[in-house]
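Overview (structure and organization)
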Amino acid sequence: MSGNVLIPIIIVVVLILFVAIARFFRNKTANYDERQLLARNAAYKSSFFFLLIYCSACGLLHIFEVRWADTAIQMFLGVIISFLLFIALCIMKDAYFSNSTKRNVYSIIFFFWFGINGLGHLLLYIIRGEALWQNGELTENFIYLVSSVCFLALGILSVIKIVLEKRGAEK
Amino acid sequence: MKNLKLKSARAALDLSQQQLADKVGVSRQTINAIEKGDYNPTIKLCIAICRTLGKSLDDLFWDGEQ
């Protein structure tokens, strides 16, 4: 088996083990209450149906030979957008953040870090002369644009929600 | 429809939404949503709230006008 195949497999296995161990030792107070679980279920449903409609639309465009991006890019965009849609809906319904303040701060740092990181990559590629749109199709750089804009929006949304929550907490 | 009975029972015990939420094991936003009438709690949560506030289900969640 070549290194090109073996290294990604090792990375995936290590990642799965890390997530499994982290979940095992996670703080049990981070559980959601019944209203939050309902809101999360509704958000799951919305993001799932968004992905379903998105895939159907991409399939139809493919049948009619309307090419706007590589298939991998199309699917990756769909997954990113549906995932971020789920997070945004949860944040708006107060069902994303748990009672753990530490975890909430980590989430916000992650959103801004990922957004700025994606934006940095995008700017680097643009400076190198790579385009967002080439030969009538979107390039991989468009994924950086979408993900960075979405993650920055999630970060801003989270900060707004936390500020509103602090104001709304009555004595 | 707003649940003013719950709000007044909570205020009578001088409890904040956060304190009540901590006692019944839910988030503050959930208590706020129940008081505003935006969320109908399960019977399990209703009982937990009643026990915490020392009231009956009728006192807090039964609307006599209906």
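Basis of the calculations
- Residues numbered from 1 in each chain as written.
- Chains lettered and ligands numbered in written order.
- Predicted model: local features only at pLDDT ≥ 70, side-chain atom pairs only at ≥ 80, totals over all residues.
- Helix = DSSP H or I, 4+ residues; strand = E, 2+ residues; numbered from the N terminus.
- Buried ≥ 20, exposed ≤ 12 C-beta atoms within 10 Å, placed from the backbone.
- Core = buried A, V, L, I, M, F, W, Y, C linked by C-beta atoms within 7 Å.
- Contact = placed C-beta atoms within 7 Å.
- Nonpolar A, V, L, I, M, F, W, Y, C, P; charged D, E, K, R; others polar.
- Axes fitted to C-alpha atoms, helices over the stretch in contact; angles between N-to-C directions.
- Left-handed = near helix turned anticlockwise from the far one by under 90°.

A look at the overall build of chain A
- What chain A contains, in helices and strands, is five helices and two strands.
- Put simply, chain A runs from its N terminus to its C terminus through helices and strands in the order α-α-α-α-β-β-α.
- Counting only C-alpha atoms, chain A reaches 60 × 40 × 35 Å along its principal axes.
- When each of the 171 residues of chain A is scored for burial, the buried share is 18%.

Concerning the nonpolar core
- Counting residues in hydrophobic clusters, the biggest one holds twelve residues: L6(B), A9(B), L20(B), A21(B), V24(B), V26(B), I31(B), A33(B), I34(B), L45(B), I49(B) and L53(B).
- Setting aside its immediate chain neighbours within four residues, L53(B) contacts A9(B), R10(B), L13(B) and L60(B).
- Counting eight residues, the second-largest nonpolar core is a separate cluster that includes A39(A), A43(A), C90(A) and Y96(A).

Some words on the interface of chain B and chain A
- Taken together, the contact between chain B and chain A spans twelve residues of the former and nine residues of the latter.
- Counting residues per element, the ones that place at least two in the side of chain B that touches chain A are helix 2 (17–24) and helix 3 (28–36) of chain B.
- Residues that form the side of chain B that touches chain A fall into these classes: four nonpolar, seven polar and one charged.

Here we look at unusual backbone geometry
- Even without being a glycine, E65(A) presents a positive backbone phi close to 55°.
- E65(A) sits in the exposed class, given 6 other C-beta atoms within 10 Å.

Comments concerning the packing of helix 2 of chain B against helix 4 (residues 43–53) of chain B
All names here are of chain B.
- At their nearest, the axes of helix 2 and helix 4 sit 9 Å apart, and the two run at 115° to each other. As helix 2 runs across helix 4, the sense of the crossing is right-handed. Contacts between helix 2 and helix 4 involve L20, K23 and V24 from the former and L45, A48, I49 and T52 from the latter.

Geometric descriptors of this kind do not, in isolation, establish any biological role.
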